[in-house]
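Architecture at a glance
Below are the chains, spelled out letter by letter.
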Amino acid sequence: MTTGAPRLILASASPRRRQLLAEAGFSFEVVAPEVAEISSGPLTVREITCWNALRKGLAVARGRPNEVVLAADTLVALDHDVIGKPANVAEARLILRRLSGRKHTVVSGIFIGRLRSGRSETFSEMSHVVFKKLSDQMINDYLAKIDPLDKAGAYAAQGHGRDIIRRIVGSRSNVIGLPLEKTCAALDRFAIRPRPA
């Protein structure tokens, strides 16, 4: 970023989003918003994720009006049912059984805004994930390797994700938690760009 350009604030506690942004070459500060997420109701999964991202982003942007704030929310949907983060390992096991051998949708809502200039963008990205047919042993082995409680759908695409995922159609980074392709293009419109290689 050039001198005088706004700073980028990531309004997220997600280590996966931090890693994706860092690997993409961005300099940023993390400010975790204190906002209760919704994962059900009369809204579509796209509307829910965009609403959550907007609320997270504004919660941080109000205290940092000169900076560009990026917020995101990611949910899993199967047969029009929204699947959020499991409450415990038993629920995670049930979720993975439901996803076993099936295709589901991963949707992320993204908010980018700079209150000082009155500019903001909200958009979403959708990917499809096909799971392998999972035995109870495969599910138990997978859950022994990760912490499913902070992950929508009780799984992560990165790392041990290859143990349970057959294929991803669409943005892989979206399944991890931040669709980099659309996000980088949107940040560029706010004069936020990666460090030169």
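Basis of the calculations
- Residues numbered from 1 in each chain as written.
- Predicted model: local features only at pLDDT ≥ 70, side-chain atom pairs only at ≥ 80, totals over all residues.
- Heavy atoms only, no water.
- Helix = DSSP H or I, 4+ residues; strand = E, 2+ residues; numbered from the N terminus.
- Rg over C-alpha atoms; globule rule 2.2 N^0.38 Å.
- Contact = heavy atoms within 4.5 Å.
- 1 Å grid on protein atoms, 1.4 Å probe; cavity = no way out; pocket = protein on both sides within 12 Å on 5 of 7 lines; lining within 4 Å.
- Points joined across faces, edges and corners; volume = space filled by probe spheres on them.
- Nonpolar A, V, L, I, M, F, W, Y, C, P; charged D, E, K, R; others polar.
- Salt bridge = Lys/Arg side-chain N within 4 Å of Asp/Glu carboxyl O.
- Buried < 20%, exposed > 50% of the residue type's maximum accessible area, 1.4 Å probe, protein only.
- Axes fitted to C-alpha atoms, helices over the stretch in contact; angles between N-to-C directions.
- Parallel < 35°, antiparallel > 145°, perpendicular 65-115°, else oblique.
- Left-handed = near helix turned anticlockwise from the far one by under 90°.

For the protein, the helix and strand inventory stands at six helices and seven strands. Secondary structure elements in the protein, listed N-terminal to C-terminal, are β-α-β-α-β-β-α-β-β-α-β-α-α. Whereas a compact globule of 197 residues would reach a radius of gyration of roughly 16 Å, the protein reaches 17 Å, a difference of no more than 12%. Its C-alpha atoms give the protein principal-axis dimensions of about 55 × 40 × 25 Å. Pairs at least 24 apart in sequence give 68% of the contacts found in the protein among residues at least 6 apart.

Before going further, it helps to spend a moment on the layout of surface pockets. Roughly 420 Å³ of volume is contained in the largest pocket. Lining the largest pocket are 27 residues; nearest its centre among them are Ser 14, Arg 16, Arg 17, Lys 85 and Asp 150. Those elements giving two or more residues to the lining of the largest pocket turn out to be helix 1 (15–23), strand 3 (68–78) and helix 5 (172–176). Of the residues assigned to the lining of the largest pocket, the class counts are 14 nonpolar, five polar and eight charged. Taken as a whole, the second largest pocket holds about 260 Å³ of empty space.

Let us now look at the pattern of salt bridges. The tally for this structure, following the rule as stated, stands at 14 salt bridges. A salt bridge links Arg 7 to Glu 29; the shortest N-O distance between them is 3.4 Å. Note that Arg 7 is positioned in the segment before strand 1 (8–10) and Glu 29 in strand 2 (residues 29–30), a separation of 22 residues in sequence. What makes Arg 7 partly exposed here is its relative accessible area of 39%.

Another point: the environment of Arg 166. Position of Arg 166 relative to the elements: it lies in strand 7 (residues 165–169). For Arg 166, a relative accessible area of 52% puts it in the exposed group. Separated by 146 residues in sequence, Arg 166 and Leu 20 place their C-alpha atoms 22 Å apart. Setting aside chain neighbours within four positions, we find Arg 166 in contact with Val 130, Phe 131, Lys 132 and Lys 133.

Look at helix 3 (residues 89–99) against helix 4 (residues 136–145): their axes get within 10 Å of each other, and the N-to-C directions meet at 130°. When the axes of helix 3 and helix 4 are compared, the pair comes out oblique. Between helix 3 and helix 4 lies a crossing whose hand is right-handed. Across from Val 89, Ala 92, Arg 93, Leu 96 and Arg 97 in helix 3, the residues of helix 4 making contact are Asp 136, Ile 139, Asn 140, Tyr 142 and Leu 143. Here the residues of the contact of helix 3 with helix 4 sort into six nonpolar, one polar and three charged.

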